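# Structural characterization, general
Here is how the chains run, residue by residue.
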Amino acid sequence: MIRKRLGRVLGALAVSAGMVAAMLVATSAPALAAGTGTGYLRTSGNKILDSTGATVRLTGINWFGMETDNKTFHGLWASVTWKSQIDHMAQLGYNTIRVPYSDDALKTGAVATGINDFTNPDLVGLSPLQILDKVIEYAGSKGMRIILDRHRPTAAGQSALWYTSTVPESTWIANWRMLAQRYAGNTTVIGADLHNEPHADGTNPNATGSCWGCGVESRDWRLAAERAGNAILAVQPNWLIFVEGVSCPSGGLSNVWDNDPSNDEDCGWWGGNLSKAGEFPVRLNVANRLVYSPHEYATSVYNQAWFSDPTYPANMPAIWDKYWGYLYKQNIAPIMMGEFGTTMTSNVDRIWLTELMKYTGTGVNGMSFTYWSWNPNSGDTGGIVMDDWVTVQTAKQAILQPYLIAPVPGGSSPPPTDTTPPTTPSSLAASGTTSTGTSLSWTASTDSGGSGLAGYDILQAPGTSGGSFAVVGTSTTNSFAVTGLTAGSTYRFQVRARDGAGNQSAVSNTVTVTTTTATDTTPPTTPSSLAASGTTSTGTSLSWTASTDSGGSGLAGYDILRAPGASGGTFAVVGTSTTNSFAATGLTAGTTYRFQVRARDGAGNLSAVSNTVTVTTTGGSTGGCSVTATTQTSWQDGYVIQPVDVRNTGTSAITGWTVTFTLPAGHTITGSWNAVFTVSGQTVTAKNTASNGNLAPNGTTNFGFQASRPNGNTSLPSGYTCTSP
């Protein structure tokens, strides 16, 4: 069965080709010899090489926004400058920026919105392309490279095909030729990711989506990639052409209602299935320019069947081999994984990211990639930075860090190519073990390859055997304090060293640690302010003020208790949580329940129960919807509301929804995404787009918007309501 990628990015735009002749060639500082090499890049087998023949590994990040209604990079509204954000990317080790755009951002007269004129006054009044010029110029001065990504043709969302009724193929190609001419001679811009996530649509045998190798000119993505790639190379023969996969090679969805699984097709992520590229390769008129660029995601995007395989994660390398890894392993072409990401809220996803990075290989000879995303406002993955656009999500960065090859800023000399790993750390030992932690130390490694010892990765696995080792921390010294362990539990630890070129040593000896049994008899404090929200016909969301634990064993989690009716009955544990929230599901429509929460620590001590909250589920006999709005960020004269969550609260599917709310006087909507907005006075109506109106019972979608307000006015929209047909 097809497994579709859910929409992540906020909005999209359409385009015309009429402005091509009016565009002037932009010039900016070329990328210097650095972690991304010298001059333009080319391919040889599965390698990407620079103009001197040296191997280059692109280890980059996606910075989106230019594909949305804002028409420029998101985060320009933040309290940090755009240059400091690029500085931060480079400091963390990202040497390439993949820039998603929509064709609307390229139109003559296009206006960029969502710019904080206090922190980024140099961008005010510039067009989207002029802002892109400045980003390219500054990134080039840092030794970084730029990949342009045609992400969306319209604001309605990602399209299954590379063209739509309003954005024909001719516009798509004309805009690519314009960009190739605009940045001709600028070696910072290295190539074109032709179209984002072509995928299946329509049920077989009536497929209407992108296929690979089917030979139908209007649907065969491989043939379209050849047409666009060769048109680009005709005006800019030095660019790399990045070609994504499809989801299902036929371009259609399997008929899962025919009770015949034998005709169901093997499908993958949108843009992630390159299984037919070996048999039907993309043919370009300029040799050594083709890079295949699959997308790969985790359960926070969609819970694919392979994540529930009993052999997980040992099953994953074979899956990656089948869909795209074989192209690299058989030396057919380079791989540049254009998107991959996760919120990292589940252990399954943490393991996935760890194993995926291991699969790509270490050092300069590994597969290239651009992580999704820098932005914190990617709904199903989050970002590398948090909502302040500064604080780093350290759990993600710790896994990615060993694979990053930092850019070398302008004026610096590139280090000599280092392919020699550090020596293996030895004599790993644990000491001072308590009920919640232990101290690790080891004999330091040395590095003779020239790039210098960069640090150590600390790996942890559960139990005395089995399980997977995963990175849980890093250290620049030969010691590490492990915290957050569970009392009376066994863990195994290993350490490996890495150098400045990204080479990794073998892992050290394994040390096994069993935490002490806590002598803690002090219960945690009682959870307080228990409340319910977002109640539907089948569930409700509980949240409470977190408990604390002073007994030494640490707060282990919470028990959620439920009783039937408004009174009487017995409370029983119906779930647990390690955070101060819980989604109660499986409830009966039109029924009253009571909930309580209690905390427990690592020694098993239980707190008193919280206050009781009473919930009555909705009737749910017909379709209905609810809406919850979140203020993502605000400043003196504006704000961003994202996400505005819409949920089907009924027991039957709905085919559309309408959200209304009141905009305070003097406020103006300046941008929106994932909904069709109309404004009448102070009443705003947001309707579903063509792609997000169908919601199954308890299904959700979201949209967002940006607004301006009088300076000093702190009011926000109110009175949100949701209706469905």
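Presented here is an overview of the structure given in this document. Along each chain, numbering runs from 1 in the same order as the chain's sequence is written. Local features in this predicted model are restricted to residues of pLDDT 70 or higher, and side-chain atom pairs are both shown and tallied only at a pLDDT of 80 or more, whereas totals for entire chains, interfaces and linings draw on every residue. Processing note: side-chain calculations cover all non-hydrogen atoms of the structure and skip hydrogens and water entirely.

### Digging into the nonpolar core
Counted only if it meets this: In this text, buried Ala, Val, Leu, Ile, Met, Phe, Trp, Tyr and Cys residues form a nonpolar core when linked through side-chain atoms within 4.5 Å. Relative accessibility thresholds used throughout: buried, under 20% of the residue-type maximum; exposed, over 50%; partly exposed, between the two (1.4 Å probe, protein chains only). Helix and strand assignments come from DSSP, with helices taken as H or I runs of at least 4 residues and strands as E runs of at least 2, each series counted from the N terminus.
Counting 106 residues, the largest nonpolar core has W63, L148, L194, W239 and Y292 as the members making the most contacts within it. Here this core gets 8 residues from one element, more than from any other, and that element is helix 5 (residues 316–329). Grouped together as the second largest cluster of nonpolar side chains are 20 residues, I654, W657, A686 and F705 included.

### Concerning the packing of helix 5 against helix 6 (residues 347–360)
Using the following cut-off: Axis definition: a line fitted to C-alpha atoms, over the contacting stretch in the case of helices. Angles run 0 to 180 degrees between N-to-C directions. Under this scheme an angle from 65 to 115 degrees is roughly perpendicular, one under 35 degrees roughly parallel, and one over 145 degrees roughly antiparallel; angles in between are oblique. By the definition used in this description, the sense in which the near helix is turned from the far one sets the handedness, with an anticlockwise turn below a right angle giving left-handed and a clockwise turn giving right-handed. Contact criterion: two residues are considered in contact whenever any of their non-hydrogen atoms come within 4.5 Å of each other. Residues were grouped as follows: Ala, Val, Leu, Ile, Met, Phe, Trp, Tyr, Cys and Pro as nonpolar; Asp, Glu, Lys and Arg as charged; and all remaining residues, including Gly, as polar.
Following both chains from N to C, one finds helix 5 and helix 6 inclined at 30°, their axes separated by 12 Å at the closest point. Considering the angle they form, helix 5 stands roughly parallel to helix 6. In the crossing of helix 5 with helix 6, the sense of the turn from one axis to the other is right-handed. Here helix 5 contributes M316, P317, W320, D321, W324, G325 and K329 to the contact with helix 6, which in turn contributes W352, E355, L356 and Y359. Partitioned by chemical class, the residues of the contact of helix 5 with helix 6 number 7 nonpolar, 1 polar and 3 charged.

### Topic: helix 5
Heads up, the condition is: By this rule the span expected of a helix is its residue count minus one, scaled by 1.5 Å. Fitting axes to the seven residues ending at a residue and to the seven starting there, one defines the bend at that residue as the angle between these axes.
Its 14 residues give helix 5 an end-to-end C-alpha distance of only 15 Å, which falls more than 12% under 20 Å, the value for a rise of 1.5 Å per residue. Bending of helix 5 peaks at approximately 75° at the position of Y323. Taken as a whole, helix 5 has its buried residues at M316, I319, W320, Y323, W324, G325, Y326, L327 and Y328. Each element contacted by the buried residues of helix 5 is listed here: strand 9 (290–292), strand 10 (295–297), strand 11 (336–337) and helix 6. N331 sits one or two residues past helix 5 and shows a positive phi near 60°.

### Here we look at the state of the cysteines
Our working definition: Note on terminology: pairs of cysteine sulfur atoms within 2.5 Å are recorded as disulfides.
In this structure the tally under the stated criterion is 3 disulfides. The disulfide partner of C211 is C214, and the gap between their sulfur atoms is 1.8 Å. Each disulfide in the chain links cysteines that, numbered along the sequence, combine into the pattern 1-2, 3-4, 5-6.

### Here we look at the packing of aromatic side chains
Formally: Pairing of aromatic side chains requires ring centres within 6.5 Å, counting the rings of Phe and Tyr and the six-membered ring of Trp. Pairs whose planes differ by under 30 degrees are stacked, by over 60 edge-to-face, and all others tilted.
Applying the stated rule across the entire model yields 28 aromatic pairs. Ring geometry for W306 and Y323: centres 6.0 Å apart, planes at 55°, overall tilted. Of this pair, W306 sits in the loop between strand 10 and helix 5 while Y323 sits in helix 5, and the two are 17 residues apart along the sequence. Of the two residues, W306 and Y323, neither departs from the other in class, the shared state being buried. Here the aromatic rings of W544 and Y558 are separated by 5.2 Å at their centres, their planes lie at 70°, and the arrangement is edge-to-face.

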